[in-house]
Amino acid sequence: MSNWSKVIFFVLSVAFTMVLGASIPAQAQAVQYDLLLKGGHVIDPANGLDKVADVAIAGGKIAAVGEGIPVEAAGKVVDVSGLYVTPGLIDIHFHVGHGGAPLNWFAPEARSQTAPLGIPADIALMAGVTTIVDAGTAGADTFLQEKEEVIDRAKVRVLAFLNIVADGMNGGLEQTVDQMDPQLCAQTIRKFPDLIVGVKTAHYWTEKPWDALHAPWAAVDRAEECGRIANVPVMFDFWPRPDRTYAELILKKMRPGDIHTHVFAQQFPILLADGKLNPILTDARRRGVIFDVGHGAGSFWFRNAVPAVKQGFIPDSMSTDLHMGDFTVLSMTEVMSKFLAMGVPLEDLIRRSTVNPAREIRRPELGTLSVGREADVAVLELLHGRFGYIDDGYARMDGNVKVVARMTIRAGRILYDPTGQSMVEWEKAPKQYFTTPELGSSPPARADNYPRN
Ligand SMILES: [Zn+2]
């Protein structure tokens, strides 16, 4: 071929490819995705993503993340411009209801029963949370009940730290050292490796003098022994005393990867007398100790949190410690908002609410929007205004920023969408919405058939 014919051939082939290329999508893109979240600001720290992009979901999995995914390729398109799209949040300190605190405790017949601690697991969905980890509400003797009553039924993914106390938290045996059997604990963890991610110890001997049956470190040592046998991390709820110091816990007792929850509770020496951050915290961090918020009704004080954050000490993971006693804490997004108001950037908080907790519980497949992973997604909105935040000492901190959940998607299903982000304006709804079904048992007249429960 002459040079000219080469050029002409090249131009023709490009033109032909373009025509063909343009005609392919119309056929092949019939419907590739079930759901397309269009134009949101995607923050996916696990993949280093922090920019405007689309997220496509198919078959309950993340199918594509990128710019300019065509709307024709999706069965359902949700405009999320102006909002943040992140992996579903992970709350590693939660207390689900079981064993006397059934899922339906809002019902009158349930209220007459004792409901000491746990709350309905699916409440977590209201804050963009798609995975919760029960923090030792159940022990070896009560875990099966927790599994059958909550874990197997919840829409939110429920994992668990197993209490070193075989009876767990609900039965009044938390001070009984004989209840803390490392072998039984480890056996139970091995029986449920998909569900139990670690060991929990809490509330042990915080008031009375030591005696023959209650050594200072009994609960900590036995929880650690179970953690070693089962090769899982231990989460510590701890009360320091002269014979049982915080420094010894985080610098000697805890192994790398173990988690100290409730880090900003009143009882920890977070600050020195001069207001400087206690160097034992950074020393512990250097040896791999993890610090978790575990806000709860009694474990978060601004007097510890604000100066620590100002000096650069931010807990590795956000978490609520949501239980019956702390409805003032409300939610994961409320906990995150407090740190946002203290000046921690949103991207950083998403990291500490997704990829970090996933790593802490050794479930790296969670907390990410990687293609192929289960489509657990949170759509969040950043609000600016005047907001009051409270701590457990009944003190307030004022802030001008807040993050709230607008949608929660779990395995591709839209389980929470209270403002109708994914719904059509009612007057524009298709005919089926205006058609009254004949029977009460018929499927209700709905504007779309996308799975929402
Ligand atoms: Zn707790």
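Residues numbered from 1 in each chain as written. Predicted model: local features only at pLDDT ≥ 70, side-chain atom pairs only at ≥ 80, totals over all residues. Heavy atoms only, no water.

### What to know about the coordination of the zinc ion
Next, step 1: The zinc ion binds to the protein through His 93 (NE2), His 95 (NE2) and Asp 321 (OD), with metal-donor distances spanning 2.1 to 2.3 Å.
Next, step 2: In the primary structure, the donors to the zinc ion are separated according to the pattern H-x1-H-x225-D. Pair noted here: His 93 is in strand S6 (residues 89-94) and Asp 321 is in the loop between helix H8 (302-310) and helix H9 (332-341), with a separation of 228 residues, a long-range link. Across this residue pair, the class does not change: His 93 and Asp 321 are buried. (Donors = N, O, S within 2.8 Å, 3.2 Å for Na, K, Ca; no water. Helix = DSSP H or I, 4+ residues; strand = E, 2+ residues; numbered from the N terminus. Buried < 20%, exposed > 50% of the residue type's maximum accessible area, 1.4 Å probe, protein only.)

### Quick look at the packing of helix H4 (residues 182-191) against helix H5 (residues 218-230)
Next, step 1: In contact at an axis separation of 8 Å, H4 and H5 are set at 40 degrees when each is read in the N-to-C sense. Here H4 lies oblique to H5, going by the angle between them. Crossing angle aside, the handedness with which H4 passes H5 is right-handed. Contact residues: Pro 182, Gln 183, Cys 185, Ala 186, Ile 189 and Arg 190 in H4; Arg 222, Glu 225, Cys 226, Ile 229 and Ala 230 in H5.
Next, step 2: A per-class count over the contact of H4 with H5 returns seven nonpolar, one polar and three charged. (Axes fitted to C-alpha atoms, helices over the stretch in contact; angles between N-to-C directions. Parallel < 35°, antiparallel > 145°, perpendicular 65-115°, else oblique. Left-handed = near helix turned anticlockwise from the far one by under 90°. Contact = heavy atoms within 4.5 Å. Nonpolar A, V, L, I, M, F, W, Y, C, P; charged D, E, K, R; others polar.)

### Thoughts on the pairing of S6
Next, step 1: Among the six residues in S6, six count as buried, and that is most of the element.
Next, step 2: In the sheet, S6 pairs with strand S7 (residues 129-139) via four bridges, with the strands oriented parallel. Bridged to Phe 94 within S7 is Asp 134. (Pairing = 2+ DSSP bridges.)

### Structural notes on the nonpolar core
Next, step 1: Counting 92 residues, the largest nonpolar core has Tyr 246, Phe 264 and Phe 339 as its most contacted members.
Next, step 2: When residues in this core are grouped by element, the largest group, six residues, is from H5.
Next, step 3: The residues contacting Phe 339, other than those within four sequence positions of it, are Phe 264, Val 293, Phe 300, Val 309, Pro 315, Met 318, Val 344 and Leu 349. (Core = buried A, V, L, I, M, F, W, Y, C linked by side-chain atoms within 4.5 Å.)

### Structural notes on the sheet that holds strand S9 (residues 196-201)
Next, step 1: Pairing is parallel in the open sheet, where seven strands are placed in the order S6-S7-S8-S9-S10-S11-S12. Whereas interior strands pair on both sides, the edge strands pair on one side only; in this sheet they are S6 and strand S12 (290-291).
Next, step 2: Sheet topology places strand S10 (residues 234-236) next to strand S11 (residues 259-260); two bridges connect them, and they run parallel. Bridge pairing in S11 links Phe 236 to His 260.
Next, step 3: Contacts from H9 reach S6 and S7 within the one sheet, and its direction differs from that of S6 by about 100 degrees.

### Things to note about unusual backbone geometry
Next, step 1: The backbone of His 262 sits at a positive phi, close to 65 degrees, despite the residue not being glycine.
Next, step 2: Structurally, His 262 can be placed in the loop between S11 and helix H7 (279-286).
Next, step 3: Of the residues examined, His 262 reaches a relative accessible area of 4% and is grouped as buried.
Next, step 4: Of note in the backbone geometry, Arg 362 takes a positive phi value of approximately 60 degrees without being a glycine.
Next, step 5: Residue classification places Arg 362 among the partly exposed positions, given a relative accessible area of 42%.

### Observations regarding the pattern of salt bridges
Next, step 1: Here the structure, examined in full by the defined rule, presents 20 salt bridges.
Next, step 2: The salt bridge partner of Asp 54 is Lys 38, with a shortest N-O separation of 2.5 Å. Taken as a pair, Asp 54 in strand S2 (residues 49-58) and Lys 38 in strand S1 (residues 33-44) lie far apart in primary sequence, 16 residues in all.
Next, step 3: According to the relative accessible area criterion, Asp 54 is buried, its value standing at 4%.
Next, step 4: Residue classification places Lys 38 among the partly exposed residues on the basis of a relative accessible area of 22%. (Salt bridge = Lys/Arg side-chain N within 4 Å of Asp/Glu carboxyl O.)

### Focus on the pairing of strand S8 (residues 157-163)
Next, step 1: With seven of its seven residues buried, S8 lies for the most part within the structure.
Next, step 2: Covered by surrounding structure in S8 are Arg 157, Leu 159, Phe 161 and Asn 163 together with Val 158, Ala 160 and Leu 162, the residues of both alternating faces.
Next, step 3: Note that S7 and S8 share six bridges and pair parallel. From the neighbouring strand, Ala 135 faces S8, where its bridge partner is Phe 161.
Next, step 4: Note on the crossover from S7 through helix H3 (residues 143-151) to S8: the handedness is right-handed.
Next, step 5: Where S8 meets S9, four bridges bridge the pair, whose relative direction is parallel. Looking at the pairing, Ala 160 lines up with Ile 196 of S9.
Next, step 6: Once you follow S8 into H4 and on to S9, the crossover reads as right-handed. (Right-handed = clockwise from strand over helix to strand, strands pointing away.)

### Some words on the state of the cysteines
Next, step 1: Taken as a whole and judged by the stated rule, the model has one disulfide.
Next, step 2: The disulfide bridge from Cys 185 ends at Cys 226, spanning 2.1 Å between sulfur atoms. Between Cys 185 and Cys 226 the sulfur-sulfur dihedral comes to about -75 degrees; the bridge is accordingly left-handed. You can see Cys 185 sitting in helix H4 and its partner Cys 226 sitting in helix H5, a full 41 residues away along the chain. We note that Cys 185, like Cys 226, is buried. (Disulfide = S-S within 2.5 Å.)

### Points about the packing of helix H6 (residues 246-253) against H7
Next, step 1: H7 packs onto H6 with a crossing angle of 20 degrees between their chain directions and a minimal axis gap of 9 Å. Comparing the axis directions of H6 and H7 gives the class roughly parallel. For the pair H6 and H7, the crossing hand works out as left-handed. Between H6 and H7, the contacting residues are Tyr 246, Ala 247, Ile 250 and Leu 251 on the first element and Ile 280, Leu 281, Asp 283 and Ala 284 on the second.
Next, step 2: A per-class count over the contact of H6 with H7 returns seven nonpolar, no polar and one charged.

Just geometry here; none of it tells us what the structure is for.
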